[in-house]
Amino acid sequence: METPLTEHIRPGHPSPDLAAYQKLGGYQALRRALTEMTPTEVIEAVKDSNLRGRGGAGFPAGLKWSLVPSGDDAPRQRYLVCNADEMEPGTFKDRYLIEGNPHQLLEGIMLAAYAIKADTAYIFLRAEYTCSERTLREAIAELFAENLLGDNILGSNYNLNIHLHTSAGRYICGEETALLNALEGKRAVPRAKPPFPPQVGLWGQPTIVQNVETLCCVPHIINHGADWFKGLSKTNNSGTKIYGVSGRVKRPGLWELPLGTTLREIIEEHAGGMLDGYKFRGVIPGGASTDFLVEEHLDLPLDYETVAAAGSRLGTGTMIVLDDRTCPIAMVHNLETFFARESCGWCTPCRDGLPWIEKTLSAIEEGRGVASDIDLLHQHSRMLGPGRTFCAFAPGAVEPLQSALKYFADDFEQHISEKRCPYKHLQS
Amino acid sequence: MSPEERQEIEHEIACYPYKQAVCVDALKILQKHRGWVSDEAVKEVAEILEMSPSEVDSVATFYNLIYRQPTGRHVIHVCDSISCWVMGCGSICEHLKKRLGINMGETTPDGRFTLLPIVCLGACDKAPAMMVGKTTHENLTPETIDALLEKLP
């Protein structure tokens with residue numbers, strides 16, 4: 001089984017420096033692109049590979065890049081932005097990729113920037129990743145020192161600067177248009193769409209925003225080709241995926257596996273199964289803003305379409321497991337507390353709806369719930385759903401709620417009829 | 001504004017086509033030197049970036065890690081997001097509150113510690129986790145927390 005993204009990552013050891021990375025074949029893809037390929041050919045290669053965004057939305061990367069205007073009258077200034085604002089609760093894969101092999105990401109950024117003819121790239125890194133910041137600063141400095149960044153890279157007449165921007169901590173900055181406002185130094189609320197960033201992005205210029213893991217795939221696609229990349233997956237999706245598991249399992253962690261690996265294999269084999277004394281109850285498969293999956297879904301391959309057909313989203317691919325001794329209502333309450341706190345407050349349904357949901361769940365959990373609360377929560381799930389809010393934040397926030405109402409309906413009813421949380425005595 | 005602070009901000013300005021882009025960086029630079037961002041600091045950033053103080057404050061108040069109030073020498077951010085919650089961050093918070101004698105959002109009377117909640121730190125496989133200053137500490141227990149706090153001046 002091939003693990004191109006993580007094969008050179010040695011946790012607990014220093015990441016490969018520029019010399020070591022080049023010895024491992026690093027920057028061969030960049031060399032090849034700059035000397036043998038046109039920017040359009042790089043876009044075509046990525047398009048052919050069917051690489052989809054690994055940050056949560058799953059949009060095809062090559063297609064996104066091809067939306068950047070390219071005619072003679074197109075804006076000359078374009079930007080490539082790497083979204084390293086990994087703040088989705090339960091998600092820790094981009095940190096692993098950055099700290100484990102920073103040059104792999106930087107090579108991906110350079111290839112993407114070349115493909116869209118951008119001369120400036122920004123890495124938007126969350127503030128709390130201070131180790132990632134150090135790692136990236138050192139790696140970028142190495143590239144400038146060796147003339148692999150700056151003017152006339154590898155004698156190709158292509159110029160590129162990469163700047164690292166560290167944020168100050170706010171979940172909404174991961175939303176790509178909020179991220180652009182944050183980079184511009186504005187209050188980081190999302191922008192109205194359309195126009196979309198590939199046409200009108202950073203400072204009004206065409207901009208591609210792409211997640212860390214997505215960009216890390218690009219050098220491998222250029223090196224080995226689209227067919228090879230497609231073949232990495234177990235289903236008709238392409239590539240590998242960094243899957244992660246946290247919660248009460250024996251070995252929480254991350255694994256690079258073929259896209260389409262089953263939930264059961266990830267939880268039972270790689271994560272070692274549930275801790276002794278705990279049973280599997282459910283899982284949110286791709287970070288906090290995805291719908292619960294339950295036991296009946298364990299044998300589903302985790303790829304974009306299959307998870308969507310099961311009513312959830314692959315999201316970031318890093319899952320949080322719910323065990324049988326943890327109250328599902330309390331778990332959803334924790335999630336909605338997060339969303340209520342992190343709502344940027346720009347649009348009313350999100351700003352007012354999420355605290356209402358949070359208070360209602362709190363009342364149910366504490367035994368103060370009434371029968372009509374269930375309908376109220378269903379209503380909120382609809383009213384905060386897709387198309388009713390300014391961005392995807394609130395629709396994401398209600399995903400775990402709407403699925404909890406479906407799969408854990410008995411628990412909701414028991415809390416209300418017994419006026420207490422039946423799990424209280426089970427918690428250690 | 002000290003020459004050092006000004007120099008650091010100017011260095012960031014050179015990385016962007018517009019001055020305003022370094023608003024967050026400038027706030028973080030002043031906070032690094034002064035511990036927090038006062039009204040005076042907001043005005044200084046506004047002046048150097050040619051923004052209005054209210055624009056700067058709308059940015060300053062937006063972020064979890066820009067402190068608009070004085071803090072203790074060590075700011076403890078305890079993750080209370082989902083993975084840490086499943087793994088028992090509630091008892092970690094209770095332990096910290098009891099040991100420090102303060103609630104979330106408060107500073108110890110000796111000015112040593114400020115206690116704040118934070119969203120997911122990306123240490124979910126090593127939960128529960130907290131960040132003290134710039135360092136993340138993982139797999140927390142009351143015992144490891146006690147040992148850590150004793151080492152901090």
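In the block above lies the structure referred to throughout.
Definitions and cut-offs
Residues numbered from 1 in each chain as written. Chains lettered and ligands numbered in written order. Predicted model: local features only at pLDDT ≥ 70, side-chain atom pairs only at ≥ 80, totals over all residues. Heavy atoms only, no water. Helix = DSSP H or I, 4+ residues; strand = E, 2+ residues; numbered from the N terminus. Buried < 20%, exposed > 50% of the residue type's maximum accessible area, 1.4 Å probe, protein only. Contact = heavy atoms within 4.5 Å. Areas by Shrake-Rupley, 256 points an atom, 1.4 Å probe, with all protein chains shown as cover. Lys, Arg positive; Asp, Glu negative; His and termini not counted. Charge placed at Lys NZ, Arg CZ, Asp CG, Glu CD. Rg over C-alpha atoms; globule rule 2.2 N^0.38 Å. Pairing = 2+ DSSP bridges. Axes fitted to C-alpha atoms, helices over the stretch in contact; angles between N-to-C directions. Nonpolar A, V, L, I, M, F, W, Y, C, P; charged D, E, K, R; others polar.

## Remarks on the overall build of chain B
Point 1. Helix and strand counts for chain B stand at seven helices and four strands.
Point 2. The order of α-helices and β-strands along chain B, N terminus first, is α-α-α-α-β-α-α-β-β-β-α.
Point 3. Dimensions along the principal axes, computed over C-alpha positions, put chain B at roughly 50 × 35 × 25 Å.
Point 4. Here chain B holds 153 residues, and the buried ones make up 50% of them.
Point 5. Taking as baseline every contact in chain B between residues at least 6 positions apart, the subset at least 24 positions apart corresponds to 60%.
Point 6. With the model as given, the accessible surface of chain B reaches about 6900 Å², and the carbon-plus-sulfur share is 50%.
Point 7. Here chain B contributes 15 positive and 22 negative side-chain charges, whose respective centroids are spaced 4 Å apart.

## Looking at the overall build of chain A
Point 1. When helices and strands are counted, chain A shows 18 helices and nine strands.
Point 2. Here the C-alpha radius of gyration of chain A, 22 Å, is about what a compact globule of 428 residues would show, namely 22 Å.
Point 3. Counting the 428 residues in chain A, one finds 63% classified as buried.
Point 4. Within chain A, contacts between residues separated by at least 24 positions form 71% of all contacts whose residues are at least 6 apart in sequence.
Point 5. Surface summary for chain A: the accessible area is close to 15800 Å², and the carbon and sulfur share equals 50%.
Point 6. Side chains of chain A carry 42 positive and 53 negative charges; the gap between the two charge centres is 3 Å.

## Some remarks on helix H11 (residues 263-270) of chain A
Residues and elements named next belong to chain A.
Point 1. When H11 is considered as a whole, its buried residues turn out to be Leu263, Glu265, Ile266, Ile267 and His270.
Point 2. Looking at the buried residues of H11, the elements they touch are strand E5 (240-246), strand E6 (253-258), strand E7 (280-284), strand E8 (293-294) and strand E9 (318-323).
Point 3. Phi turns positive one or two residues past the end of H11, at Gly272, with a value near 80°.

## As for the sheet that holds E6(A)
In sheet architecture, strand pairing relies on hydrogen bonds along the backbone and comes in two forms, parallel and antiparallel.
All names here are of chain A.
Point 1. Spatially, five strands are ordered E6-E5-E9-E7-E8 in an open sheet, and the strand pairing comes out mixed. The two strands at the open ends of the sheet, each matched to only one other strand, are E6 and E8.
Point 2. Two elements, E5 and E6, share six bridges in a ladder whose sense is antiparallel. Among the inter-strand pairings, Ile242 is bridged to a residue of E6, identified as Glu256.
Point 3. Seen against the sheet, helix H5 (residues 93-100) touches E5, E6 and E9 and runs at an angle of roughly 120° to E5.

## Observations regarding the packing of helix H14 (residues 348-365) of chain A against helix H18 (residues 409-418) of chain A
Residue and element names in this part refer to chain A.
Point 1. Where H14 meets H18, the axes come as close as 8 Å, and the angle between the chain directions of the two elements is 65°. Contacts between H14 and H18 involve Leu361, Ile364 and Glu365 on the former and, on the latter, Phe412, His415 and Ile416.
Point 2. Class assignment for the residues of the contact of H14 with H18 results in four nonpolar, one polar and one charged.

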